[in-house]
Amino acid sequence: MVHFLHPGLSPRTIDLPDPQKDALGCCVVQEEASPYSLVNICLKVLIANLEKLCSERSDGTLCFPEHWRFPQELAERFLKAMTWQGMLTDRTASIFRGNQMKLKLVSIQKAKISTAAFIKAFCHHKLIELDATAVHTDLPIPDIISGLCSNSWIQQNLRCLLLDSTSIPPDSRLLFFGQLTGLRILSVFNVCFHSEDLANVCQLPKLESLDISNTLVTDISALLTCKDRLKSLTMHYLKCLTMTKPQILVVIRELKYLRHLDISDHSQLGSDLAFHLLQQDDILPDVVSLDISGNICITDEAVELFIRQRPAMQFVGLLATDAGYSHFFTTKQGLRVAGGANISQISEALSRYRNRSCFMKEALYRLFTETFSMQVTMPAILKLVAIGMRNHPLDLPVQFTASACALNLTRQDLAKGMPVRLLAEVTSLLFKALKNFPHYLQLQKNCLLSLTNSRILVDVPFDRFDAAKFVLSWLCKHGNAKMQTMAVSITAVLALQLSPEQTVQLQEELFDAVEELLAIVKQKTSENLDDVTLLFTLKALWNLTDESPAACKHFIENEGLAIFIQVLETFSESAIQSRVLGLLNNIAEVRGLSSKLVTEDVLKHISVLLHSREIEISFLAAGIIAHLTSDKQPWISGDLQRSVLLQDLYRTIQNWPSSSCKMTAVVSYRSFRAFFPLLGNFSQPQVQLWALWALYHVCNKNPSKYCKMLVDEEGLQLLCDIQEHSEADPQAQQIATSILDDFRMHFMNYQRLPLC
C-alpha cells in the first residue's frame, strides 16, 4: 500500500477540486487517500517494462506482440500515462501504429516526437480530439495540420484541436486550417498566430469555440464571418491588437450568440476595454460567462448592473481589479467569481487561471494573505496550489508564493488533516522548485520550514536523499541561528532515513556537516548553553555516524572526541549524556576506530556513566564497554583495566530490570550486524549478556520490526549456537532461549525453515 501512495505512480487526476461546493475538501481527502486503480498500476508496470515486452523494428522503434489488442479507452489512458511520464518518444510512439490500438481522444502534451513519428503513430486513427499543447519544436503546427489533413475522416470529424504554446517555424506562411471542416473547438493560446490565420480559421463552418489569447492578431474583424455560430471567445492578453475600443466593441456587439467572453489582461498593461464594454446596454445578450480580470477602472456597481441585466450569468472574472468586494458578489447564489475578496473567489481564480502565470501569482498572493492565520484544514485549496506549482515550474514568483501558501496551509497541526499523497506531491514540487532556483534564499527557507513539520518529515513519502543533500548543504552555508536550528533538527531525523549506500553518496556533504555540527557543539559548550540547538546537534551527529564508518572517522579527525569529553565535563543532563554515548557507541562498533576510545579520559567517563540511575545512560555506556572489551588488541598494556571493566559490566547488567519490562525502548537500531561479533564471543560472557539483553529488549518492544531484522540478517543461528554451546554462560543461554521461544511466531512469519 505504501508503494501505491508514491506521488510518481500515475498521472494525477485532471478533475479540479471545488472548494465552493466542498469547503472542507472531503472529496479531495477521499480521492487522495484512495489507492490508485488497478488499471493505472498495471499501466505503470507496462510502461516501466516496455523494452522487455516490446520487440524492435528494423528502424529501431518498438512494437507490441502482434496478437495484443487494446480497447479504445485503455489505449487512450495508456497514451496519456506515457505522455505524463515523459516516455512518449519517436521510439515508443511507434507502438500506436497499425490497428492494435484504437484512439479517438489523443493527448501528447509536451511530448518530444518528430513529425514523421506523429504522422505514422496517430494520423491513421479516427481522431475527434487532439491536445498537442506545448509539444517539442520537432513537431511544429504546420506539420500537425498537414498530418491531420492527410486523413479524410479526420478532416470531417476532428472536433477539438488544442495547440497552445506549440511552435511555428519563422519562415512559415499562412496556417491552413480550412480542410478541418468538422472543427468546433480551436485553441492557439501563446502561438505565432496572425490576423490572416484568424481570417482563415473563421471560415470553418462548424467553429463554436476559439481561443486566440497572447497571439499576434492585430485585427479581430474576421470574427464577423462566424458571428452566427461562435459561442465562446477567449482573447486574453491580445498585446498586438491595433483596433480602437469602439472598433472592438462593434465586433463584439455583433457576436450575439456568445455565451462566454474572456477579455482579461495583464494588470500592468492597464487595459480599459472592459470598462467600456460594461457601459453598453445592447451587447452580449446571451452571455453566461464574462472574464475581465486585470482590467482597470472596474467598479462593483458597473459589474453588478451588467449582471443584473443578464440574470443567466454564472461566472465573472474580477481578479486584479477593484471589483468583487461588495455584498452582491460575496452572497449571490449561482454566481461564481474569480477574484481576491475571499477564499471562495481565490479558489475559483486558482482553478480558472491554473495555466496563466500572471493571474496564478496574483491569486496565490491573495491566498497567502488570506491563510496567514488559517486554523481550518483545506485540502482542496492545497491541491489547487499544487496544480499551480506543477503547471509553472520555471516561474519564480509562482513557485515562491506557492511555497509560502503551502506553508500556511500545512503549518502546525493542519498537516495532520491533509492526505499523505497530497502532502507528498507538494513536498516533491517544493524540491523541484529548489532545483530550478538553487540560489533563491527565501524559497529555500520555505522548503526548510515545511520539513520541520513532523507529519511531513516522518509520514510522507518523498525523496529523502535529495532532502538530506539540500539540508546538509544549507547547514554548512547559512549562519542564521533560527534557520540553523531547524536545519539541524531536520538532519537528525533524515539521517536515520537514509540507507548506508545513500550515506556514502553524500560523503562530501556529510563531512562538511560533521565539521559544522562539531563547531556548534564546541561553541555551545564554551558558552555553557544547553539549549535545544545543542540537543538537536548532538542527535544529528549521533544519527549521521550511525552505520557510517567514514563519518565516524571524520568525527575523530576533527577533534570530535576532545569536544565530546568537554561536553560530558560541562553538562550533566541525561538528554545530553545519552546523545554523546550514542555517538561513542557508533565509533565503538567500527573495528578500525574503536581503539581510539581506549583512552583515560573516555574510559573514566564511561565507567562513571555505567552506574547511572538512568537505564538508557547505563545501557549505552555498557554497549561501549562491550564493544571495546570484545577486542583484546587495544588492551595489550592494560589487560587488568579491561578485566575490571568486564566485571563491572557483568555486575551492572545483573542490576538492570528484566529486558522484558514495560519501560519504553531505550534505543532503536537499523541493523544488528554490529552485535554478531559479540554474540559469538564465548570467552567473554559479559559481552554476550549485553548483546542478548539488548536484542530481547528491542524485540519485546517492536517485534514486527526487530524479529524480521534478526531473520533477514541471519542472526537466529547465532542464538541457536548460544543455546546449544556446551561452554556458554547459563544466563546467556537462558536469554537466547527466551528470545527464540517468546518470539517464535514472529520468526515463523519470516522464515520457513524450522528454528533450532
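Residues numbered from 1 in each chain as written. Predicted model: local features only at pLDDT ≥ 70, side-chain atom pairs only at ≥ 80, totals over all residues. Heavy atoms only, no water.

## With respect to the overall build of the protein
Okay, so step 1: Helix and strand content of the protein: 37 helices and twelve strands.
Okay, so step 2: For the protein, the spread of C-alpha atoms along the principal axes amounts to about 105 × 65 × 45 Å.
Okay, so step 3: By the burial criterion, 54% of the 756 residues in the protein qualify as buried.
Okay, so step 4: Contacts spanning at least 24 positions in sequence make up 69% of the contacts within the protein whose residues lie at least 6 apart.
Okay, so step 5: Of the charged side chains in the protein, 70 are positive and 77 negative, and the gap between their average positions amounts to 6 Å. (Helix = DSSP H or I, 4+ residues; strand = E, 2+ residues; numbered from the N terminus. Buried < 20%, exposed > 50% of the residue type's maximum accessible area, 1.4 Å probe, protein only. Contact = heavy atoms within 4.5 Å. Lys, Arg positive; Asp, Glu negative; His and termini not counted. Charge placed at Lys NZ, Arg CZ, Asp CG, Glu CD.)

## Focus on the environment of glutamate 713
Okay, so step 1: Within the secondary structure, glutamate 713 sits in the loop between α34 (703–712) and α35 (716–724).
Okay, so step 2: Measuring from C-alpha to C-alpha, the distance between glutamate 713 and phenylalanine 676 comes to 9.8 Å, with 37 residues separating the pair along the chain.
Okay, so step 3: With residues up to four places along the chain from it excluded, the contact list for glutamate 713 reads Arg670, Ser671, Phe672, Arg673 and Phe676.
Okay, so step 4: Of the polar contacts made by the side chain of glutamate 713, one reaches the backbone nitrogen of phenylalanine 672; its length is 2.8 Å. (Polar contact = N/O pair within 3.5 Å; in protein donor to acceptor, adjacent residues only side chain to side chain.)

## What to know about the sheet that holds strand β8 (residues 232–234)
Paired through their backbone hydrogen bonds, the strands of a sheet run either parallel or antiparallel.
Okay, so step 1: Taking strand neighbours across the sheet as the criterion, the ten strands line up as β3-β4-β5-β6-β7-β8-β9-β10-β11-β12 in an open arrangement whose pairing is parallel. Of all strands in the sheet, those bounded by a partner on one side alone are β3 (105–107) and β12 (336–338). Strand-to-strand twist across the sheet, computed as the mean angle between neighbouring axes with direction ignored, equals 5°.
Okay, so step 2: Relative to strand β11 (residues 315–317), strand β10 (residues 289–291) runs parallel, the two being bridged by three bridges. Each bridged residue has a counterpart across the sheet, and for serine 289 the counterpart in β11 is phenylalanine 315. (Pairing = 2+ DSSP bridges. Axes fitted to C-alpha atoms, helices over the stretch in contact; angles between N-to-C directions.)

## Concerning the packing of helix α28 (residues 574–588) against helix α30 (residues 615–629)
Okay, so step 1: Two numbers describe how α28 lies on α30: the axes approach to 9 Å, and their chain directions differ by 20°. With respect to each other, α28 and α30 are oriented roughly parallel. As for how α28 packs across α30, the hand of that crossing is left-handed. Within the contact between the two elements, α28 uses Ser574, Gln577, Ser578, Leu581, Gly582, Leu584, Asn585 and Ala588 and α30 uses Glu616, Ile617, Leu620, Ala621, Gly623, Ile624, His627 and Leu628.
Okay, so step 2: Considering only residue class, the contact of α28 with α30 consists of eight nonpolar, seven polar and one charged. (Parallel < 35°, antiparallel > 145°, perpendicular 65-115°, else oblique. Left-handed = near helix turned anticlockwise from the far one by under 90°. Nonpolar A, V, L, I, M, F, W, Y, C, P; charged D, E, K, R; others polar.)

## Re the nonpolar core
Okay, so step 1: Among the nonpolar cores identified, the biggest contains 158 residues, and Leu367, Phe564, Ile587, Tyr669, Phe672 and Trp690 are the most heavily contacted of them.
Okay, so step 2: Element by element, the count of residues in this core is highest for helix α33 (residues 685–701), at eleven residues.
Okay, so step 3: Aside from chain neighbours lying at most four places away, what touches phenylalanine 564 is Leu518, Val521, Leu538, Leu541, Phe555, Val580 and Leu583.
Okay, so step 4: Formed by 98 residues, the second largest nonpolar core is a distinct cluster that contains Ala132, Val201, Leu204 and Ile283. (Core = buried A, V, L, I, M, F, W, Y, C linked by side-chain atoms within 4.5 Å.)

## Quick word on a positive patch on the surface
Okay, so step 1: On the surface, Arg69, Lys102, Lys104, Lys126 and Arg159 cluster together into a positively charged patch.
Okay, so step 2: Position of arginine 69 relative to the elements: it lies in the loop between β2 (62–63) and α4 (72–84).
Okay, so step 3: Judged by its relative accessible area of 55%, arginine 69 falls in the exposed class. (Patch = residues over 30% accessible without salt bridge, like charges linked within 9 Å, V, L, I, M, F, W, Y side chains within 5 Å. Areas by Shrake-Rupley, 256 points an atom, 1.4 Å probe, with all protein chains shown as cover. Salt bridge = Lys/Arg side-chain N within 4 Å of Asp/Glu carboxyl O.)

## A few points about the environment of leucine 216
Okay, so step 1: Relative to the elements of secondary structure, leucine 216 occurs in the loop between β7 (209–211) and β8.
Okay, so step 2: For leucine 216, a relative accessible area of 27% translates into the label partly exposed.
Okay, so step 3: Separated by 23 residues in sequence, leucine 216 and lysine 239 have C-alpha atoms that sit 7.4 Å apart.
Okay, so step 4: What leucine 216 contacts, discounting residues up to four positions off in sequence, is Val191, Cys192, Phe193, His194 and Cys240.

## Concerning the pattern of salt bridges
Okay, so step 1: Tallying each qualifying case throughout the model produces 24 salt bridges.
Okay, so step 2: The partner of aspartate 262 in a salt bridge is arginine 356, with the nearest N and O atoms 2.6 Å apart. Of this pair, aspartate 262 sits in strand β9 (residues 260–262) while arginine 356 sits in the loop between α14 (343–352) and α15 (357–370), and the two are 94 residues apart along the sequence. The pair aspartate 262 / arginine 356 is uniform in exposure class, with both members buried.
Okay, so step 3: The partner of arginine 673 in a salt bridge is glutamate 713, and the shortest N-O contact between them spans 3.4 Å. Pair noted here: arginine 673 is in the loop between α31 (639–655) and α32 (676–679) and glutamate 713 is in the loop between α34 and α35, with a separation of 40 residues, a long-range link.
Okay, so step 4: Taking the relative accessible area as the measure of exposure, glutamate 713 reaches 13% and is therefore buried.

## Description of unusual backbone geometry
Okay, so step 1: Not every positive phi belongs to a glycine, and asparagine 214 is a case in point at roughly 50°.
Okay, so step 2: If you check the backbone angles, glutamate 714 has positive phi at about 60° while not being a glycine.
Okay, so step 3: You can see glutamate 714 is positioned in the loop between α34 and α35.

## Structural notes on the side chain of aspartate 291
Okay, so step 1: Tracing the chain through its elements places aspartate 291 in strand β10.
Okay, so step 2: Buried charge without a salt bridge: aspartate 291, with arginine 356 as the nearest opposite-charge side chain at an N-O distance of 4.3 Å.
Okay, so step 3: Dropping the residues within four chain positions of it, aspartate 291 is found in contact with Leu261, Asp262, Ile263, Ser264, Phe315, Gly317, Tyr353 and Arg356.

## Some thoughts on helix α10 (residues 245–254)
Okay, so step 1: Taken as a whole, α10 has its buried residues at Ile248, Leu249, Val251, Ile252 and Arg253.
Okay, so step 2: Residues of α10 that are buried make contact with β9 and α11 (273–278).

## As for empty space enclosed by the protein
Okay, so step 1: Under the counting rule described, the total for this entry stands at three cavities of 30 Å³ or more.
Okay, so step 2: Volume-wise, the largest cavity comes out at about 50 Å³.
Okay, so step 3: What lines the largest cavity is simply Leu472, Ala495, Leu498, Thr503, Leu506, Leu510, Asn543, Leu544, Asp546 and Arg670. (1 Å grid on protein atoms, 1.4 Å probe; cavity = no way out; pocket = protein on both sides within 12 Å on 5 of 7 lines; lining within 4 Å. Points joined across faces, edges and corners; volume = space filled by probe spheres on them.)

## A closer look at the packing of aromatic side chains
The way to describe two aromatic rings as a pair is by their centre distance and the angle between their planes.
Okay, so step 1: In this structure the tally under the stated criterion is 26 aromatic pairs.
Okay, so step 2: Aromatic pair tyrosine 669 and phenylalanine 672: ring centres 6.1 Å apart, planes at 55°, arrangement tilted. The two residues tyrosine 669 and phenylalanine 672 agree in class, both being buried.
Okay, so step 3: Ring plane angle 65° and centroid distance 5.7 Å describe the contact between phenylalanine 672 and phenylalanine 675, whose orientation is recorded as edge-to-face. (Phe/Tyr/Trp six-rings, centres within 6.5 Å; stacked < 30°, edge-to-face > 60°.)

## Details of the environment of phenylalanine 619
Okay, so step 1: By the element assignment, phenylalanine 619 lies in helix α30.
Okay, so step 2: Overall, phenylalanine 619 belongs to the buried group, its relative accessible area being 1%.
Okay, so step 3: Between the alpha carbons of phenylalanine 619 and phenylalanine 431 there is a distance of 40 Å; along the sequence they are 188 residues apart.

## So, the confidence of the model for the protein
Okay, so step 1: Of the residues in the protein, 95% reach a pLDDT of 70 or more, and the chain-wide mean stands at 91.
Okay, so step 2: Counting contacts from residues 1–14, a segment whose pLDDT is below 50, to residues more than four positions away or on other chains yields 35 contacts. (pLDDT = per-residue confidence, 0-100.)

## Some thoughts on the packing of helix α19 (residues 441–451) against helix α21 (residues 464–477)
Okay, so step 1: Look at α19 against α21: their axes get within 11 Å of each other, and the N-to-C directions meet at 120°. Seen from above, α19 lies across α21 with left-handed handedness. Between α19 and α21, the residues in contact are Leu441, Gln444, Lys445, Cys447, Leu448 and Leu451 and Ala467, Phe470, Val471 and Trp474, respectively.
Okay, so step 2: Split into classes, the residues belonging to the contact of α19 with α21 amount to eight nonpolar, one polar and one charged.

## Some thoughts on the state of the cysteines
Okay, so step 1: Across all of its chains, the model carries zero disulfides by this definition.
Okay, so step 2: With no disulfide partner, cysteine 476 has as its closest neighbouring cysteine sulfur the one in cysteine 447, 17 Å distant.
Okay, so step 3: For cysteine 476, a relative accessible area of 29% gives the class partly exposed. (Disulfide = S-S within 2.5 Å.)

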